[in-house]
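A look at the structure
Each chain, letter by letter, is given below.
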Amino acid sequence: DVKVTQSSRYLVKRTGEKVFLECVQDMDHENMFWYRQDPGLGLRLIYFSYDVKMKEKGDIPEGYSVSREKKERFSLILESASTNQTSMYLCASSLGTGAYGNTEAFFGQGTRLTVV
Amino acid sequence: AQSVTQPDIHITVSEGASLELRCNYSYGATPYLFWYVQSPGQGLQLLLKYFSGDTLVQGIKGFEAEFKRSQSSFNLRKPSVHWSDAAEYFCAVGDPGGYQKVTFGTGTKLQVIP
C-alpha cells in the first residue's frame, strides 16, 4: 500500500515562529502536494511539486514556502506563523508520469496546526 | 481554471435509505473526476475515479458515480446507506495535462440516523 506519512498529527506554535511540516511518501511518486483544510472551504492547494527541486504555487501560497530536496520528502514551511494559519494541513502524492489515469492522490493523516 | 461545486453542505439520511451527493465541475475538456471520503480524524480515501469510457463508475464500499457531460456533473450514489458511511465526502477534478493539479470541492458532510 502507498504510504504518505506526516511527521506530526498535532502541533502548537507561537505567532512569528518558523514552522516546518514534513511529509514522506514511500511509492516513488513524482507529484507531491500540500493542502490546507478549513470548515466550509474544503481543501485548498498551497503548493505542489512535480519533481525534485521543482515547485509550483497553488491557489493560496501566500505565507508559505516549500522544499523538495529528495523525491520522497516534501516540506511545507511557514516563514512566520500567524493565527490565520491555524488549520488542518494535508499532504498528498501521486504518480504523475504522464501515463493515463495517474492523478489519483494518496493522502497522509493530516497535521492539525494551532498558532497561538 | 478548473473548479468544483458541491451544493449540499450537510445531508442527513436514514440508515438503509438511498443516497445521492451532488457534484458539478467546470473544466474546458473532459477532466479526471474523483470522489474521496474522510472519516473523522482521518486523511482522505479514494472512493472512485473517472478518466474516460463507461460513464457509470463503480467504487469501493458499494458506491457508484455517473459522469454526465451535458450537465457537467459527477454525482455519487449508494442504494442503501450504512451507519458507517457517516463521513465527509469530497468531489475533485484533476487536470489531465500540465502538472495534473487536483482541485477539491468544499465537501458534503453526511449524517446517518437510525
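So, a few notes on the structure that sits alongside this text.

By definition, a disulfide links the sulfur atoms of two cysteine residues through a covalent bond. Residues and elements named next belong to chain A. In this structure the tally under the stated criterion is two disulfides over all chains. Paired through a disulfide, Cys23 and Cys91 show a sulfur-sulfur distance of 1.9 Å. Across the S-S bond of Cys23 and Cys91 the torsion is about -80°, and the bridge reads as left-handed. Within this pair, whereas Cys23 is found in strand β3 (residues 19-25), its partner Cys91 is found in strand β9 (residues 87-94), the two being separated by 68 residues in sequence.

To continue, consider the side chain of A:Gln85. Residues and elements named next belong to chain A. Its location among the elements puts Gln85 in the loop between β8 (73-78) and β9. The exposure class of Gln85 is buried, given its relative accessible area of 4%. Within the structure, the side chain of Gln85 is placed 3.2 Å from the backbone oxygen of Gly63, a separation counted as a polar contact. Once residues lying within four places of it in the same chain are set aside, the contact partners of Gln85 are Arg36, Gly63, Tyr64, Leu78, Ser80, Leu113 and Val115.

When the parts of a complex come together, some accessible area is lost, and that lost area is often taken as the interface size. Contacts between the two partners involve 22 residues from chain B, matched on the other side by 26 residues from chain A. Roughly 2,100 Å² is buried in total at the junction of chain B and chain A, and carbon and sulfur atoms are behind 53% of that figure. On the surface where chain B and chain A come into contact, there are zero salt bridges. Across the chain B-chain A interface, the total number found is five residue pairs in polar contact (both at pLDDT 80 or more). Where the side of chain B that touches chain A is concerned, the elements lending two or more residues are β5 (32-38), β6 (44-50), β10 (87-94) and β11 (102-104) of chain B. If you tally residues by element for the side of chain B that touches chain A, the top one is β5(B), at four residues. Considering only residue class, the side of chain B that touches chain A consists of 10 nonpolar, eight polar and four charged.

What follows deals with the pairing of strand β8 (residues 64-68) of chain B. All names here are of chain B. Looking at chain direction, strand β7 (residues 56-58) and β8 are connected through three bridges and run antiparallel. Paired with Leu56 across the bridge in β8 is Glu66. In this antiparallel pair of consecutive strands, β7 and β8, the connection spans five residues, and Lys61 shows a positive phi of 60°. Connecting β8 to the next strand, strand β9 (residues 73-78), in antiparallel fashion are four residues, including Ser72 with a positive phi near 50°.

Moving on, we get to the packing of aromatic side chains. Enumeration according to the criterion identifies 15 aromatic pairs over all chains in this entry. Ring centres of A:Phe33 and A:Phe48 lie 6.0 Å apart, and the angle between their planes is 25°; on these two criteria the pair is classed as stacked. With A:Phe33 in strand β4 (residues 31-38) and A:Phe48 in strand β5 (residues 42-51), the pair connects residues that are 15 residues apart, well separated along the chain. Overall, A:Phe48 belongs to the buried group, its relative accessible area being 4%. Here the aromatic rings of B:Phe34 and B:Phe51 are separated by 5.9 Å at their centres, their planes lie at 80°, and the arrangement is edge-to-face. You can see B:Phe34 sitting in strand β5 and its partner B:Phe51 sitting in the loop between β6 and β7, a full 17 residues away along the chain. On the accessibility criterion, B:Phe51 (12% relative accessible area) is buried. Three or more aromatic residues link up through ring pairs in this structure, and these residues are A:Phe33, A:Tyr35, A:Phe48, A:Phe107, B:Tyr32, B:Phe34, B:Tyr36, B:Phe51 and B:Phe104.

Here is what the cut-offs are and how they apply
- Residues numbered from 1 in each chain as written.
- Chains lettered and ligands numbered in written order.
- Predicted model: local features only at pLDDT ≥ 70, side-chain atom pairs only at ≥ 80, totals over all residues.
- Heavy atoms only, no water.
- Disulfide = S-S within 2.5 Å.
- Helix = DSSP H or I, 4+ residues; strand = E, 2+ residues; numbered from the N terminus.
- Buried < 20%, exposed > 50% of the residue type's maximum accessible area, 1.4 Å probe, protein only.
- Polar contact = N/O pair within 3.5 Å; in protein donor to acceptor, adjacent residues only side chain to side chain.
- Contact = heavy atoms within 4.5 Å.
- Buried area = accessible area lost by both parts, 1.4 Å probe.
- Salt bridge = Lys/Arg side-chain N within 4 Å of Asp/Glu carboxyl O.
- Nonpolar A, V, L, I, M, F, W, Y, C, P; charged D, E, K, R; others polar.
- Pairing = 2+ DSSP bridges.
- Phe/Tyr/Trp six-rings, centres within 6.5 Å; stacked < 30°, edge-to-face > 60°.

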